[in-house]
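Structural features, examined
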Amino acid sequence: MTMDPEYNLQDVLRCHLCETPGPPMYCAICDKYLCRACENNHISDLSKEHKVVPFKKRRYTPKCKKHPSKICEHYCEQCDIPICTTCASSEEHSGHQFIEIVKVMDNQKEIIHKTLKELEKTIYLKYQEIASIITDQKSALNENSQKLTTEIDKHGEDLHREINTMIRNMKSNMEEMDTKHLAVLNQQEDEIKHTISEITQTITELKTLLDSNDVSQEHGYTMESPPDRPLIDVPRIITQINTEYGQYLLSSVSCLSDEEMWTCGNDKIMRLYNLRGELV
């Protein structure tokens, strides 16, 4: 069971005259706690003024700032300060309205009680609700952030796979292109080597014939120069090829031979076409 702190304090205190525990009275002027039996004895001392009040109202009797030996029994509404009876009868407070200090303290306690009740029953609960909402929002934010992070990671993995696939395709296309180009070069090299061999043999035969002084022999050799490609003054269209680049646009063309050409678009993929427009 919760104990009233006022009563707990009263149980600890003792009468200043007889040491009786739990004194029910208090002299605001002398600042002394008194039991019922010692109350009359205390106020019988006429050498100074006394103001004895119940224990619970001891805080309602502040001492006057101008007259320390007196307690404030009134409250001046015009000056908004507690005053004693001497102040109330002075010229300074002439014509002012006074209220009993006890009523002022009761009114203040009532205001405090209402404020406390509003804080505990309304404002505090609203702020608790707001704090709870913020906690939920933080939790939702964290959860949403984790989901987005997972989706971003997954998207990144997909992009990596697509890029890796594109790189592999580009490398494969390049290797295929190199293989075909190398095959053409090897064929041309073999043809050139064969021609060189024939030329070398013919040179040897001609030298032998020249040294023999036998003009009756015929060598039957006709010298042929490497074929030259004739140039034309005005370009002409010999074929039209529809490529597969579409929106990526064709950016470059390189002729591999009279029959084949390499093309490349903005998609960075190289394709080999023949003059019939077929992918080789």
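Residues numbered from 1 in each chain as written. Predicted model: local features only at pLDDT ≥ 70, side-chain atom pairs only at ≥ 80, totals over all residues. Heavy atoms only, no water.

**Let's talk about the packing of aromatic side chains**
Applicable threshold: Each aromatic pair joins two rings of Phe, Tyr and Trp (for Trp, the six-membered one) with centres within 6.5 Å, and gets the label stacked for planes under 30 degrees apart, edge-to-face for over 60, and tilted for any other angle. Per-residue accessibility, obtained with a 1.4 Å probe over protein chains only, is compared with the maximum for each type, and a residue is labelled buried under 20%, exposed over 50%, and partly exposed between these values.
The final tally for this structure, using the stated rule, is one aromatic pair. Seen in terms of ring centroids, Tyr26 and Tyr33 are 5.0 Å apart; in terms of plane orientation they differ by 45 degrees. Their pairing is tilted. With relative accessibility at 15%, the residue Tyr33 sits in the buried group.

**Digging into the side chain of Asn274**
For the record, the criterion: Here a strand is any run of E in DSSP of at least two residues, a helix any run of H or I of at least four, and the numbering for each starts at the N terminus. Pairing of N or O atoms within 3.5 Å defines a polar contact, subject to two protein rules: one partner must be a possible hydrogen donor and the other a possible acceptor, and residues neighboring in sequence count only if both atoms are side-chain atoms. Should any heavy atoms of two residues lie within 4.5 Å, those residues are considered in contact.
Inspection of the secondary structure assignment puts Asn274 in strand E9 (residues 270–274). Look at Asn274 and you get buried, because its relative accessible area is 9%. Within polar-contact distance, the side chain of Asn274 engages the backbone nitrogen of Arg276 at 3.0 Å. Contact partners of Asn274, with chain neighbours within four places excluded, come to Ile241, Glu259, Glu260 and Val280.

**Some remarks on unusual backbone geometry**
The residue Glu19 is not glycine, and still its phi comes out positive at about 65 degrees. Within the fold, Glu19 resides in the loop between helix H1 (5–12) and strand E1 (25–27). Even without being a glycine, Asp80 presents a positive backbone phi close to 60 degrees. Locating Asp80 in the fold gives a position in the loop between strand E4 (74–76) and strand E5 (81–83).

**Regarding the sheet that holds strand E2 (residues 32–34)**
Heads up, the condition is: DSSP bridges decide pairing: two strands pair if at least two such bridges lie between them. Note on definitions: angles span 0 to 180 degrees between N-to-C directions of axes, and those axes are lines fitted to C-alpha atoms, for helices only across the stretch in contact.
The strand order across the open sheet built from three strands is E2-E1-E3, with neighbouring strands paired in antiparallel fashion. Of all strands in the sheet, those with a lone pairing partner are E2 and strand E3 (52–54), marking the two edges. On average, each strand axis in the sheet is tilted by 35 degrees relative to the strand beside it, whichever way the strands run. Relative to E2, E1 runs antiparallel, the two sharing three bridges.

**Some words on the sheet that holds E9**
The strand order across the open sheet built from three strands is E7-E8-E9, with neighbouring strands paired in antiparallel fashion. Edge positions in the open sheet fall to strand E7 (250–255) and E9, since each of these has one partner strand only. Pairwise comparison of adjacent strand axes, ignoring direction, gives a mean angle of 25 degrees for this sheet. Here E7 runs beside strand E8 (residues 260–265); their pairing, made up of five bridges, is antiparallel. What sits directly across from Val253, in E8, is Thr263.

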